[in-house]
Structure formats: C-alpha cells, structure tokens
Amino acid sequence: MTNENKIENERQSIWVIADQLDGIINPVTFQLVGRARKLADNLSKKVACVILGDDIEKHADTLIASGADIVYMAQSPQVTLYQQSIYKDTLSALAKEKQPDMIFLGSTTVGRELAPLIAADLKTGLSAHCIDLCLDDKGLLEQKIPAYGGLMTITCPEKRPQMATCAQGVFPTPEPDKNKQGIVVNIPISNTASPKVQTLDIVREPVEGLSIETASSVVAGGAGAQDRDGWELIKTLSDTLN
C-alpha cells in the first residue's frame, strides 16, 4: 500500500462505495469489489473503493487485498456515524472530479438511501437490486434484475456513471491477495451547512440465529404447513441444512 495523489488512468475506473457501520465493513462491499475486479480486467480499467468514516485507515489494506487498485479515504469525526448529506455531497463531488465509468453500492439500509441521491446529483441512471452485472460485446454494463418469468437486462448507453446496487450474497467473496499493491488517497469531507437530516445514533436489533444473507440454504413454507407443528418441521429442516 502506498499513499499518493497522482494516479495513472484514474478516470473511467469502476468504483465501489464501501458500506461500513461502527468500523465494520459489510461483506457486500468485498463481494462488489471482487465483481468490479473481473469487469475492470476485461475493460483494462482500475477498481477504486471509496470509504467514509472515522479511524478507517485499517480498512485500506483489506480493500486492496480484495481487488481495489485505489482506495479513496474520507476520514473525519463528522462521519463517525453515517450522515446522509455529507456522504452524498462528498461522493458526488468526487465522482464529478474523477469521472468513474461505473459505481456500485450494496443494497443495504445505507446503500438503498444513498444510491438514488448520488444518481440524481450526477444526472445518471440507477438499477436497484441487481442479481448480476456483466458486459455486452461493446463493453457496456448489463444490469440484470428479476422480472416476471426470468431476468430483465438494463443498460445505460448514454449517461455516466453507470450505477447499480446489489444485495449481499449475489457475488462470491474474493480470496484476499495480501501481496496486491494499491494506492490510498485521502479526500476531504464536504462541509454541508445545516443538513436537513442528521444521524444521532444507530440502534441495532439483535439477530437470532443465522441471517438470510449468511445462510447457506433458505427454507420457505406456506399454507401447507398448516399449524405450529408444521412450522417446527420446517425449522428443523432449516437448522439441519445450515
């Protein structure tokens, strides 16, 4: 890892906006970095990851090992917690300066709110809840979403960046390459005067058992379960499979 401000072929890169809360990066970030790496290799582009927060230097090496060439780091006590206006203004300003070709976010609580705000600010399109991201024969991003009877393919041939959100588990988590080299660039936080929305605290609900995102198998039931005993059988099957 090196800290530099001059980067070759910085423009037209593929970005992943890191999703971190309480100093922990959501696994979907690494999965999107892995997917971005594959797309970037086919297009001879760089992969950049943008992360905002406080005390986040420790994450740079992990993001680079996952496939990022560049880590843009906006560090400030102002974003110890997720702040909608500061995040949006900081990321939009950086995107306008660096002109990425694609931007990916996780379909998380933060990503679902932030992605359309950035897309609107950049006057570009956004495909939400994609289950695949691939390239057509011209190198255009094909964004696949579930539709009645199959998949629908969305493209954004004119506006840039091409933006998409994906849920955790859509793509595999890449094996980290600890020998990979990358560059860390410190970026300023946008000073948003009198934000209309401010996060004061984050309260997490305790999760019992496995979450859907981390489960290897998901068992669903319906009216055929009939009663409590039927649902107990379904739960037993789920516990056995996971």
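A. A look at the environment of Ser 13. Looking at the secondary structure, you find Ser 13 in the loop between strand S1 (2–3) and strand S2 (14–17). According to the relative accessible area criterion, Ser 13 is buried, its value standing at 0%. Remark: the alpha-carbon pair of Ser 13 and Gln 99, spanning 86 residues in sequence, is separated by 7.9 Å. Contacts of Ser 13, omitting those with residues within four sequence positions, involve Lys 46, Ala 48, Pro 100, Asp 101 and Met 102. A polar contact is formed between the side chain of Ser 13 and the side chain of Trp 15, at a distance of 3.1 Å.

B. A look at the sheet that holds strand S10 (residues 141–147). As summarised here, the arrangement of the three strands in space is S9-S10-S11, forming an open sheet in which the pairing is antiparallel. Of all the strands in the sheet, the pair left with one neighbour each is strand S9 (132–135) and strand S11 (150–154). Neighbour-to-neighbour, the strand axes of the sheet open up by a mean angle of 35 degrees, direction not taken into account. As defined by bridge partners, S9 adjoins S10 across four bridges and the pair is classed as antiparallel. Looking across to S10, one finds that Leu 135 is bridged to Leu 141.

C. Structural detail: helix H4 (residues 109–122). For H4, built from 14 residues, the straight-helix expectation of 20 Å at 1.5 Å per residue is met to within 8% by its first-to-last C-alpha distance of 21 Å. Inspection of H4 places Val 110, Gly 111, Leu 114, Ala 115, Ile 118, Ala 119 and Leu 122 among the buried residues, and these make up the whole buried set. Once H4 ends, the next one or two residues include Lys 123, with phi positive near 55 degrees.

D. Representation of the pairing of strand S6 (residues 70–75). Counting buried residues in S6 gives five out of six residues, a clear majority hidden from the surface. Summarising the sheet, strand S5 (residues 47–53) and S6 pair through six bridges and their orientation is parallel. Across the sheet, the residue bridging to Gly 53 is Gln 75, located in S6. In the classification by handedness, the crossover that spans S5, the intervening helix H2 (residues 59–66) and the parallel S6 is right-handed.

E. Up close: the packing of aromatic side chains. With the rule as written, the count across this model stands at two aromatic pairs. Ring geometry for Tyr 82 versus Tyr 87: centroids 4.8 Å apart, planes at 80 degrees, classification edge-to-face. For Tyr 82, a relative accessible area of 9% gives the class buried.

F. Structural context of unusual backbone geometry. With omega at 5 degrees, the peptide bond leading from Arg 160 into Pro 161 counts as cis. Tracing the backbone shows Pro 161 in the loop between S11 and strand S12 (162–166). Positive phi outside glycine occurs at Ser 44, with the angle close to 55 degrees. Relative to the helices and strands, Ser 44 resides in the loop between helix H1 (27–43) and S5. Its identity is not glycine, yet Gln 99 carries a phi of approximately 55 degrees, on the positive side.

G. A look at the environment of Val 16. With respect to the helices and strands, Val 16 occurs in strand S2. Here Val 16 falls in the buried class, since its relative accessible area comes to 0%. Here the alpha-carbon distance between Val 16 and Phe 171, two residues 155 residues apart in the chain, equals 14 Å. Discounting residues that sit within four places of it in the chain, Val 16 has contacts with Thr 29, Leu 32, Val 33, Ala 36, Ala 48, Cys 49, Val 50 and Phe 104.

About the criteria used
- Residues numbered from 1 in each chain as written.
- Predicted model: local features only at pLDDT ≥ 70, side-chain atom pairs only at ≥ 80, totals over all residues.
- Heavy atoms only, no water.
- Helix = DSSP H or I, 4+ residues; strand = E, 2+ residues; numbered from the N terminus.
- Buried < 20%, exposed > 50% of the residue type's maximum accessible area, 1.4 Å probe, protein only.
- Contact = heavy atoms within 4.5 Å.
- Polar contact = N/O pair within 3.5 Å; in protein donor to acceptor, adjacent residues only side chain to side chain.
- Pairing = 2+ DSSP bridges.
- Axes fitted to C-alpha atoms, helices over the stretch in contact; angles between N-to-C directions.
- Expected span 1.5 Å × (residues − 1).
- Right-handed = clockwise from strand over helix to strand, strands pointing away.
- Phe/Tyr/Trp six-rings, centres within 6.5 Å; stacked < 30°, edge-to-face > 60°.

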